[in-house]
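Letter by letter, the chains look like this.
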Amino acid sequence: MLLDAALGALKVVAGALFHSQALIVDGVHSFTDVASDLVVLAVMKVSRQAPDDNHPYGHQRIETFGTLLLGSILIAVGAALAWENVLRLLEGGLDTVPEWPVLVAAGLSVAGKEWIYRYTRRVGERIRSDLIIANAWHSRTDAFSSVVVLASTAGAMLGWIWLDVLAAIVIAVIIVHIGWKFTWDSVKELVDTGLSREDTQRLRAIALGTEGVRNLHELRSRRMGHDILLDVHLVVPPDISVSEGHQIGMEVVARMREALPGIRDINFHIDTENDEANPAANHPAPPRGELRALLSETLGRDLPGDHRLRLHYLKNRVYIELFFDSQEQAEGVSCDTIHDRLAHHPWFGSVRIWIAGG
């Protein structure tokens, strides 16, 4: 930021003293770099804070907003420079020839801004910050402007005064293009644009290729800075244990992280069926406690412990499994009896009784 300020002051003063309107405009451009540096300092301080109660996912979106603001500054500066030089070109009367110190000031600017660009971009890539990288490109646009000043000054000194204005317009259009790219990318992130079709299909193939996954009926993604956030619904066999279903989900998570290192968080949901294809029924199935009481009333006796009652909620029905340790414990209990007394309930699916061998 200090170097930007020094270069801006040098170019404005040199442009005024040695008759170069292009160098003065280039100096104003350098002062916009100072403004963008201040934006970056403020935004980075906030966006790199740890997650808190109000922002459990962190503050990276503030960095995205900062990138949006910086891109808008680039568009505004580029458009202003282009418009000003178009007017100069149309008005004509370009007869003032810049003097040789303008070449020296522009050369110093090119060297200084190129160094700032390379250093800032290297830091931005290391800490994975789009905002820092955008600010680096802002610095390079200033270097481009100084190259224009060099070329236009040399051309003006050789008699082609109009070359100064024409080249300035071209560079201004480049500045607008770079600003638009950063602005549009930030807008897409702020509205939760998902991953590309190729990356989405890649993740879907990884999930479906994991042992135990029968289907994948929902895969949503969004970005937060360089981080990727995913929501995944995995369909697994209905007769496996909860812990095995969770283990299958963790295997999917590990394989997805290996494929895309930028994934920060994966929220996976284990389904036993595609619940989007089976909407909730008008008469929902009863929960375990209510169903257990109904079975006890139906049989006229207390059932074994909860671990001996297994319930499968599939396609808006309940499929019941009862486990007994011996024939004596299962005395008086039959599938036919339970079926006859529960068949009128719309949620009833079937009942199976298991008796341990002895």
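Basis of the calculations
- One numbering rule holds for all chains: residues counted from 1, following each sequence as written.
- Thresholds applied to this predicted model are a pLDDT of at least 70 for local features of residues and 80 or more for the giving and counting of side-chain atom pairs; totals over whole chains, interfaces and linings are not thresholded and use all residues.
- Working from all heavy atoms in the structure, the side-chain values ignore hydrogens and water.
- A run of DSSP states H or I qualifies as a helix once it reaches four residues; a run of E qualifies as a strand once it reaches two. Both are numbered from the N-terminal end.
- Here the globule rule reads 2.2 Å times residues to the power 0.38, and the radius of gyration is calculated from C-alpha atoms.
- Relative accessible area decides the class of each residue, using a 1.4 Å probe on protein chains only: under 20% of the type maximum gives buried, over 50% gives exposed, and in between gives partly exposed.
- Contacts between residues were defined by any pair of non-hydrogen atoms, one from each residue, lying within 4.5 Å.
- Accessible areas in this description were obtained via Shrake-Rupley with a 1.4 Å probe; residue shielding takes into account the shown protein chains only.
- Residues counted as positive are Lys and Arg, residues counted as negative are Asp and Glu, and His and the chain ends are not counted.
- Charge placement uses NZ in Lys and CZ in Arg. For Asp and Glu, CG and CD serve respectively.
- Between the N-to-C directions of two axes lies an angle of 0 to 180 degrees, each axis being a line fitted to C-alpha atoms and, for a helix, fitted only over the stretch in contact.
- Whether a crossing is left-handed or right-handed is set by the direction in which the near helix is turned from the far one by less than a right angle, anticlockwise for left-handed and clockwise for right-handed.
- The residue classification treats Ala, Val, Leu, Ile, Met, Phe, Trp, Tyr, Cys and Pro as nonpolar and Asp, Glu, Lys and Arg as charged. All others, Gly included, are polar.
- Residues form patches when they are more than 30% accessible in relative terms and have no salt bridge. Like charges link within 9 Å. Nonpolar side chains (Val, Leu, Ile, Met, Phe, Trp, Tyr) link within 5 Å.
- Within this document, salt bridges are pairs made up of a side-chain nitrogen of Lys or Arg and a carboxyl oxygen of Asp or Glu, the two lying within 4 Å of each other.
- For this analysis, a ring pair means two rings from Phe, Tyr or Trp (six-membered ring only for Trp) whose centres lie within 6.5 Å, classed as stacked if their planes differ by under 30 degrees, edge-to-face if by over 60, and tilted for the remaining angles.
- In this description, a nonpolar core means a group of buried Ala, Val, Leu, Ile, Met, Phe, Trp, Tyr and Cys residues linked to one another through side-chain atoms lying within 4.5 Å.
- Two strands qualify as a pair provided DSSP detects at least 2 bridges between them.
- Here a helix's expected span is defined as the number of its residues, less one, multiplied by 1.5 Å.

### A short note on the overall build of the protein chain
Counting its regular elements, the protein chain contains ten helices and six strands. Over its C-alpha atoms the protein chain spans a radius of gyration of 34 Å, topping by over 25% the 21 Å that the globule rule assigns to 358 residues. Taken across its 358 residues, the protein chain has 43% of its residues classed as buried. By sequence separation, contacts in the protein chain at least 24 residues apart represent 69% of the contacts at least 6 residues apart. Only carbon and sulfur atoms are counted for the fraction: they give 59% of the accessible area of the protein chain, which is about 19,100 Å². Of the charged side chains in the protein chain, 33 are positive and 44 negative, and the gap between their average positions amounts to 3 Å.

### Quick notes on the packing of helix 7 (residues 197-208) against helix 8 (residues 242-259)
The description of two helices packed together rests on the angle between their axes and the distance between the axes. At a minimum axis separation of 9 Å, helix 7 and helix 8 run at an interaxial angle of 145°. Crossing angle aside, the handedness with which helix 7 passes helix 8 is right-handed. From helix 7, R202, L203, I206 and A207 reach across to helix 8, where they touch V252, R255, M256 and A259. Here the contact of helix 7 with helix 8 is composed, by residue class, of six nonpolar, no polar and two charged.

### Re a nonpolar patch on the surface
A cluster of nonpolar side chains, contributed by L10, W100, V104, L108 and M157, occupies part of the molecular surface with about 500 Å² of accessible area. Looking at the secondary structure, you find M157 in helix 5 (residues 130-157). When its relative accessible area of 41% is taken as the criterion, M157 is described as partly exposed.

### Topic: the environment of L303
Tracing the chain through its elements places L303 in the loop between helix 9 (288-299) and strand 4 (309-314). A residue is classified by how much of its surface remains accessible, and L303, at 9% relative accessible area, is buried. When the C-alpha atoms of L303 and F324 are compared, they prove to be 9.3 Å apart, with 21 residues separating the residues in sequence. Among residues more than four places away in sequence, those in contact with L303 are R292, L295, S296 and L322.

### Topic: the packing of aromatic side chains
Scanning the entire structure with this criterion turns up four aromatic pairs. Their ring planes at 5° and their centres at 5.5 Å tell us that W115 and Y119 sit as a pair that is stacked. Remark: Y119 and W115 occur in helix 4 (residues 101-126); sequence separation between them is four residues, near one turn of the helix. Looking at W115, the relative accessible area reads 53%, which means it is exposed. Judged by its relative accessible area of 42%, Y119 falls in the partly exposed class.

### Here we look at the nonpolar core
Counting residues in hydrophobic clusters, the biggest one holds 21 residues, and the most contacted among them are L203, L230, V232, L234, M256, I263 and I266. With five residues, the single largest contributor to this core is helix 8. If you look at the next biggest cluster of nonpolar residues, it comprises 20 residues, including V39, V43, I132 and A134.

### A few points about the sheet that holds strand 5 (residues 317-324)
On the basis of which strands lie adjacent, the open sheet formed by three strands has the order 4-5-6 and mixed pairing. What marks the edges here is a single partner per strand, and that holds for strand 4 and strand 6 (348-355). On average, adjacent strands in this sheet sit at an angle of 15° to one another, irrespective of strand direction. With six bridges joining them, strand 4 and strand 5 adopt antiparallel strand pairing. Bridge pairing links Y313 to V318 in strand 5. The strands that helix 9 touches are strand 4 and strand 5; relative to strand 4, the one it contacts most, it runs at about 120°.

### Here we look at the side chain of D4
Structurally, the position occupied by D4 is in helix 1 (residues 2-17). Once you skip the residues sitting within four places of it in the chain, D4 turns out to touch S30, D33, V34, D37, K113 and I116.

### Some details on the environment of A356
When you line up the elements, A356 lands in the segment after strand 6. Classification of A356 by relative accessible area gives partly exposed; the value is 41%. Those residues in contact with A356 that sit more than four places away from it in its chain are F324, D325 and S326.

### Focus on helix 5
The α-helix winds at 3.6 residues per turn, so residues separated by three or four positions along the chain end up facing the same way. End to end, helix 5 covers 41 Å across 28 residues, agreeing with the expected 40 Å (1.5 Å per residue, within 8%). In the segment just after helix 5, G159 is the residue with positive phi, at about 115°.

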